[in-house]
Amino acid sequence: QVQLVESGGGLVQAGGSLRLSCAASGLTFNTYAMGWFRQAPGKEREFVAAISRSGGSTLYADAVKGRFTISRDNAKNTVYLQMNSLKPEDTAVYYCAADYTVLPLRRRAVEYDAWGQGTQVTVSS
């Protein structure tokens, strides 16, 4: 059974940083591209970032480019999202997801095969 468990969310002031982690089990981790999505209250789930199986390719939403960094450690079956220069509009529940694909990396949530439960990130102004 595939399990994705996010951690690292919390409350931070604008301009601050957080690092999210997503630990995967029940799948061959290095055969999945991984993504981060977020969903704010009353809004649709939106793409944040994705990383290829090897970690050699990444993709970002324009809203986070230059501020967020996605990475992975295949030895630890974990994907990370380093979030810097946080803004109040980054407030959302953040989800990690697994996509059984090679390339290209994908932005659409429906393309992803497994999801975590989410972790809340709140950025105060």
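Anything mentioned here points back to the structure above.
These notes cover the structure that comes with them. (Residues numbered from 1 in each chain as written. Predicted model: local features only at pLDDT ≥ 70, side-chain atom pairs only at ≥ 80, totals over all residues. Heavy atoms only, no water.)

**A closer look at the overall build of the protein**
Alright, step 1. The number of helices and strands found in the protein is 0 helices and 11 strands.
Alright, step 2. When the elements of the protein are put in sequence order from the N terminus, they spell out β-β-β-β-β-β-β-β-β-β-β.
Alright, step 3. Here the C-alpha radius of gyration of the protein, 13 Å, is about what a compact globule of 125 residues would show, namely 14 Å.
Alright, step 4. When the backbone C-alpha atoms are referred to their principal axes, the protein occupies close to 40 × 30 × 25 Å. (Helix = DSSP H or I, 4+ residues; strand = E, 2+ residues; numbered from the N terminus. Rg over C-alpha atoms; globule rule 2.2 N^0.38 Å.)

**Let's talk about unusual backbone geometry**
Alright, step 1. Of note, the amide linkage connecting Leu103 to Pro104 takes the cis form, showing an omega dihedral of 5°.
Alright, step 2. One non-glycine residue with positive phi stands out, namely Asn77, at about 55°.
Alright, step 3. For Asn77, the position within the fold is in the loop between strand 7 (68-73) and strand 8 (78-83).
Alright, step 4. On the accessibility criterion, Asn77 (25% relative accessible area) is partly exposed. (Buried < 20%, exposed > 50% of the residue type's maximum accessible area, 1.4 Å probe, protein only.)

**Examining the pattern of salt bridges**
Alright, step 1. Counting across every chain of the model gives 7 salt bridges.
Alright, step 2. Ionic pairing is found between Lys65 and Asp62, a salt bridge with its closest N-O pair at 3.2 Å. We note that Lys65, like Asp62, is exposed.
Alright, step 3. As a salt-bridge pair, Arg106 and Asp99 come within 2.8 Å of each other at their nearest N and O atoms.
Alright, step 4. According to the relative accessible area criterion, Arg106 is partly exposed, its value standing at 25%.
Alright, step 5. Here Asp99 falls in the buried class, since its relative accessible area comes to 0%.
Alright, step 6. Three or more residues joined by partner-sharing salt bridges are found here, namely Arg38, Glu46, Arg67 and Asp90. (Salt bridge = Lys/Arg side-chain N within 4 Å of Asp/Glu carboxyl O.)

**Remarks on the environment of Ala97**
Alright, step 1. Mapped onto the elements, Ala97 comes out in strand 9 (residues 92-99).
Alright, step 2. Judged by relative accessible area, which is 0%, Ala97 ranks as buried.
Alright, step 3. C-alpha separation for the pair Ala97 and Thr119, spaced 22 residues apart in sequence, amounts to 13 Å.

**A few points about the packing of aromatic side chains**
Alright, step 1. Tallied over the entire structure, the rule returns 6 aromatic pairs.
Alright, step 2. Here the aromatic rings of Phe37 and Phe47 are separated by 5.7 Å at their centres, their planes lie at 75°, and the arrangement is edge-to-face. Separated by 10 residues along the polypeptide, Phe37 in strand 4 (residues 33-39) and Phe47 in strand 5 (residues 46-51) bring together distant segments of the chain. No difference in accessibility class separates Phe37 from Phe47, as the two residues are buried. (Phe/Tyr/Trp six-rings, centres within 6.5 Å; stacked < 30°, edge-to-face > 60°.)

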